[in-house]
Amino acid sequence: MVENMEGQLFFGNHVASQFVEHFKDVLGTSKAVDSIREPVSLFVKKVPSSEADYMCRDVSELKGVLDMIVDENQFAFIPGRQISDNILLTQELMLNYHRKRGVPKCAFKIDIQKAYDSVEWRFLEKCLRSFGFYECMIAWIMRCVTTPAYTIAVNGEHNGFFHGRRGLRQGDPLSPYLFTVVMEVLSLMIKRQIKEQKDFQYHWKCEKTKLTHLCFADDLILFCHGDQHSVSILKDALEEFSGVSGLVASMEKSESFFGNVKIEVRNQISEMLPFKVAELPVRYLGVPLISTRLYKKKCLPLIDKVKKKLLDWKNRSLSFAGKLQLIKSVLSSLQVYWSSVFILPKGVTDDIEGLFRSFLWSHGELKRGKAKVKWSNVCMPKAQGGLGIKSLVTWNNALMAKHAWNIVTNKRSFWVNWIADERLKGRNFWEMHAFSNTAWGWRKIMKNREILRSHIVYKLGNGLNTSAIFDNWHPAGPLSSFISYRDAYDAGLPINATVADVVKDNEWCWPRELSDKYPVLLEAAPPELSFNRMDRILWKKRTGRCVPFSVQDVFHSLSEDADVVKWARLVWFSQNIPRHAFILWLALKRKLKTQDKFLGVEGINLVCIFCSQQCDSHNHLFFYCVYPREVWNEMKLMANLDEVPNSWDSIVDCMSSFTMSNAITNVVQRLVLAATVYFVWQERNFRLFQNKTRNVKDLCGIIKHTVRARLIGLKIKSTAKAAKVAEIWNFELNKGINEDNFKVCLDNG
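Notes on the structure in this doc start here. All of these numbers come straight from a predicted model, not from anything done at the bench.

Section: the overall build of the protein
Helix and strand counts for the protein come out as 32 helices and 14 strands. Counting every atom, the protein has about 36,300 Å² of accessible surface; 50% of that belongs to carbon and sulfur.

Printed below as a string of C-alpha cells:
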C-alpha cells in the first residue's frame, strides 16, 4: 500500500467526510470501462517469442525492448533516441510557415490534459497483452499500477484510504515507459486510418518517411497537408484513441499552425479541430520553435533562468570555491539543453558568460569590473593554469558536432533518415552546400563542418563506404580541398567514387591525368584494404590519436591550446580543500590584491600590516615577512618540508618538482602549503580591514586543526609512513583498509 501525501488539502472538520467521498468520485470519473473496444489487436506489432524470452521483471528490461516496439517518431525514454532530434526535425518541417507561398501545410501542437492521470487501466493491460508481453509480466505491471491507495490530510489528520480507478503515478520509474507504450497505439491508429480512408496527403517533405506526427511523452505534434480531408483522418484517429485510452486533447492549450492555407480552408479545419490558431515562434519542449533564424530576444528565457539562479540569496554568501563549483556543476548545465539544439547567438553566450564572470568575482550584487583573472584564462583547463570552466561558444560547437557525427555515421535516427532523404539525396555530407532556403539550424550545422572536418577521419576496412574525394582518409587530407569537380570529371573519376575504386590489389588506380596533375596522390603508400572489415569513422584528437567520438573529446580538440603549467597538480588534487586551493591558485597567478598593485595611487599608505617596513607583495607575504615566515617555518616541520626555502618562487619551483601522487606524505605537503597561504592571506585581511589579530601560535594551531580534519576524512592505508604522519598530526588511522591499496582514498567534500 502506498500513501500519496504530495497534495495535502486543508478544510474544516465538519466538511471532511463529505469532501473525501467527493474526491473519490472525481478521481474515479472516466468513460465506461466496459465500453472500451479492442482496436489494438487488429493492427499491433508482436514481439517475437525469442525476444520475449529475455524480458525481465524490472524497469530496465522493459526499457530495453521499447526500441523494438515503439516507432521512431517517439523520442522519450528510449535508449539511443534524443530529444534534440525531435526539435531539429520539427524546425525543419515548420520552415517558412510564416510565408504565404509554397505547399499548403498545417501542424497541430496538442496538449493532452492530465495525461498520466487519465490512462485507462484496462486499456493499458490490453496494450501490453497485444504487444506480446508475458502474462506473468503483465500481472506484475498491473499490480504495481492498480494497488496504490491514497489518503487526504484534513487539518493534519488522515481521513481514510481509497483506491484510484485509472492513471499512472508520476514519479514512478515504470510510468514513463508504460505511457510510451500507450502512445504507440495512437501511431498505429493513425497508420490504419490513413490506409483505410485513402487520399491522405502528407505534410511537405514527409511523404518519403511517412511522417504524420512526432511525440515526446505527452508532447504531441501532428503534421499533414493543408486540406480538410487529411485533417479529418487525423481527427478520426485522435477521437478513436481518446475513446479507448482516456487521453483527451485540451482544447484550451492545444494550438494550430497554418502555412499558406487559404482562409476558407483554415476556417473549415478550425471547426473540425477547434484549437487556438497560433503563429511561430512558440515554446516547444522548452525551447523556441522558430521558422527563421534564432535572435537574441528569443533566448531571453535562458538568460533570465541563469540570472535567477545567480541572484538566489543563498548563493551570495558562497566562497570563491563554492561559486566556482556552482558555475561548473549547475549553471553551465542550464544552457546545455539549448546548446545541443541551437548554435546560440554570440550576444547570448557573451551575456551568460558575463553573468558567470560577475558572479564569480563579485560579492552581493552582480557588478562588472571586479575580475581578478582574464575570463579566457579562467576558461583554460586546470592543467593549463585555468579553472576548467567551459567556454560556452566552444562547448556549444562541441554539442552541435554530435549532429554532424550522427549524419556522417548514418546513425539510426528519424531525423538522420529525414536528412538523408530530403537534404542529402544520395550525396556526401561534405559536398553539400548550405542553401539559404533551408532551416537556420541546418545551415549552422553545415557552417560548422569546417571546424570538424580535419578531426573526422576514416579508418579503412574494405573501402566501400568511404568517398575517395570528399572523406578524410588520405594522408593529404580530404582530396576535395584541392581537386575540383572539373578536374575529377575531366579525368573520368566519378564524383561518387569510393576508396575501393581507386585502390586495386593494394595498388593505386588513379586516372593518369589526375595523378600527373596532383603527384601528392601517389606519394603516400596505398592502403591495405580488407574486404572482411567495414570502414570505421573516428575522431582525431589534437595529439593525432584517433578515438571513438565523444563530446568531451570534441571540446578539448576545439579549445585553444596552451602550455601545461608545472604547478597545476600542486593546487588541484582530489584531496584538496577547495577554498584553500582557489586562494593558492590566485597566489600562483599573482592575482591577489596585494599593496604593490596600488603603487602610484595618491592618498594610500602602502605599508605591510605585519612588519610596517614595506608594501606587501606576493613575494613579501609568502614568506619573506617575519610573521608569515615564522608560520611557514613551523608548518614545514609538520610536513617534512625542511629543505624547502622561504622564497615564493623557490617554494613553487621546489614543490612542483616533487612527484605528485596520492602518497600520504605528498598529500600532506600540498595541504599544508595551500592552508598556510590561505590563512596568512586571511590574517593579513583581518588585520588590515577588521583590526583583528592572531599570534603565530594561534594561526599555526588553526592551520594544524584544518589539515588534521581533512586527513581524518580520508581513508589511509596503514603503513610505516602513514603511521608517522598520523603521529605527527595526532589522529588515528582508519581501520580495516585493504592492504593492497597504497593510496589515499578521497572524497572532495
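Description of the sheet that holds strand β13 (residues 536-540)
With antiparallel pairing, the 3 strands of this open sheet are ordered in space as β10-β13-β14. The open sheet has two free edges, formed respectively by β10 (456-459) and β14 (546-547), since each of these has just one partner strand. Across 4 bridges, the pairing between β10 and β13 is antiparallel. Along β13, the bridge assignment pairs Ile456 with Trp539.

Observations regarding helix α30 (residues 664-690)
Here α30 is 27 residues long and its end C-alpha atoms lie 37 Å apart, about the 39 Å a rise of 1.5 Å per residue gives. Burial analysis of α30 places 22 of its 27 residues in the buried class, the great majority of the element. Positive phi shows up at Asn691, right after α30, with a value of about 55°.

A word on the side chain of Gln575
In this structure, Gln575 sits in the loop between α25 (568-571) and α26 (578-588). Taking the relative accessible area as the measure of exposure, Gln575 reaches 0% and is therefore buried. Among the polar contacts listed, one links the side chain of Gln575 to the side chain of Asn662, at a separation of 2.9 Å.

Points about the packing of helix α11 (residues 300-310) against helix α14 (residues 346-361)
Two numbers describe how α11 lies on α14: the axes approach to 10 Å, and their chain directions differ by 5°. Viewed along their axes, α11 and α14 adopt a mutual orientation that is roughly parallel. Of the residues in α14, those touching α11 at Leu302, Ile303, Val306, Lys307 and Leu310 are Val348, Asp351, Ile352, Leu355, Phe356 and Phe359. The residue inventory of the contact of α11 with α14, partitioned by class, reads 9 nonpolar, no polar and 2 charged.

A word on helix α18 (residues 440-447)
Residues of α18 that are buried: Trp440, Trp442, Ile445 and Met446. If you follow the buried residues of α18, they end up packed against α5 (83-93), α16 (392-408), α17 (414-424) and α19 (449-453).

Some points on the pattern of salt bridges
Going through the model one piece at a time under the given rule, you end up with 24 salt bridges. One salt bridge connects Asp351 with Lys296, and the closest N-O pair in it is separated by 2.6 Å. Of this pair, Asp351 sits in helix α14 while Lys296 sits in the loop between β9 (287-289) and α11; the two residues are 55 residues apart in sequence, bridging distant segments of the chain. One salt bridge connects Asp350 with Lys346, and the closest N-O pair in it is separated by 3.0 Å. Here Asp350 pairs with Lys346, and both are found in helix α14, just 4 residues apart, close to one helical turn. Exposure remark for Lys346: the relative accessible area of 53% places this residue in the exposed category.

Some remarks on the packing of helix α6 (residues 121-130) against helix α7 (residues 135-146)
Running from N to C, α6 and α7 cross one another at 160°; their axes reach a closest spacing of 10 Å. Classified by the angle their axes make, α6 and α7 are roughly antiparallel. Crossing angle aside, the handedness with which α6 passes α7 is right-handed. Seen from α6, the contacting residues are Trp121, Leu124, Glu125, Leu128 and Arg129; seen from α7, they are Glu135, Ile138, Ile141, Met142, Val145 and Thr146. The residue makeup of the contact of α6 with α7, split by class, is 7 nonpolar, 1 polar and 3 charged.

Examining the sheet that holds strand β6 (residues 255-259)
Backbone hydrogen bonds are what pair the strands of a sheet, in a parallel or an antiparallel way. With mixed pairing, 5 strands are arranged side by side in an open sheet as β4-β5-β1-β6-β7. Each edge of the open sheet carries a strand with a single partner, namely β4 (213-216) and β7 (276-277). Pairing of strand β1 (residues 105-111) with β6 involves 5 bridges; the strand directions are antiparallel. Looking at the pairing, Lys109 lines up with Glu255 of β6. Along the sheet, α5 makes contact with β4 and β5 (219-225), crossing β4 at roughly 150°. Packing against the sheet, helix α9 (residues 228-245) makes contact with β1 and β5, and its axis sits at approximately 150° to β5.

Regarding the environment of Arg192
Relative to the helices and strands, Arg192 resides in helix α8 (residues 175-197). By relative accessible area, which is 16% here, Arg192 ends up buried. Distance in space between the C-alpha atoms of Arg192 and Ile233 is 9.9 Å, their sequence separation being 41 residues.

Structural notes on the pairing of β1
Taken across its 7 residues, β1 has 6 buried, putting it largely inside the fold. Sheet topology places β1 next to β5; 7 bridges connect them, and they run antiparallel. Residue pairing for β5: Asp111 is matched across the bridge by Asp219.

Looking at the packing of aromatic side chains
Enumeration according to the criterion identifies 27 aromatic pairs in this entry. Residues Trp539 and Phe549 carry aromatic rings whose centres are separated by 6.0 Å and whose planes lie at 85° to one another, so their mutual orientation is edge-to-face. With a gap of 10 residues between them, Trp539 in strand β13 and Phe549 in the loop between β14 and α24 (551-558) connect regions that are remote in the sequence. Here Trp539 matches Phe549 in class, with each residue buried. Three or more aromatic residues joined by ring pairs make a cluster, and in this case those are Phe320, Trp361, Phe582 and Trp585. The ring of Trp572 is capped by Lys382, whose NZ or CZ atom sits 4.3 Å from the centre of that ring. Sitting above the plane of the Trp395 ring, Lys390 keeps its charged end 4.9 Å from the centroid.

Things to note about the environment of Lys591
Counting through the fold element by element, Lys591 comes out in the loop between α26 and α27 (618-624). Judged by relative accessible area, Lys591 falls into the partly exposed class, the value being 33%. Discounting residues that sit within four places of it in the chain, Lys591 has contacts with Lys372, Val373, Leu586, Lys597 and His618.

Rules and cut-offs
Residues numbered from 1 in each chain as written. Predicted model: local features only at pLDDT ≥ 70, side-chain atom pairs only at ≥ 80, totals over all residues. Heavy atoms only, no water. Helix = DSSP H or I, 4+ residues; strand = E, 2+ residues; numbered from the N terminus. Areas by Shrake-Rupley, 256 points an atom, 1.4 Å probe, with all protein chains shown as cover. Pairing = 2+ DSSP bridges. Expected span 1.5 Å × (residues − 1). Buried < 20%, exposed > 50% of the residue type's maximum accessible area, 1.4 Å probe, protein only. Polar contact = N/O pair within 3.5 Å; in protein donor to acceptor, adjacent residues only side chain to side chain. Axes fitted to C-alpha atoms, helices over the stretch in contact; angles between N-to-C directions. Parallel < 35°, antiparallel > 145°, perpendicular 65-115°, else oblique. Contact = heavy atoms within 4.5 Å. Nonpolar A, V, L, I, M, F, W, Y, C, P; charged D, E, K, R; others polar. Salt bridge = Lys/Arg side-chain N within 4 Å of Asp/Glu carboxyl O. Left-handed = near helix turned anticlockwise from the far one by under 90°. Phe/Tyr/Trp six-rings, centres within 6.5 Å; stacked < 30°, edge-to-face > 60°. Lys NZ or Arg CZ within 6 Å of the ring centre and 35° of its normal.

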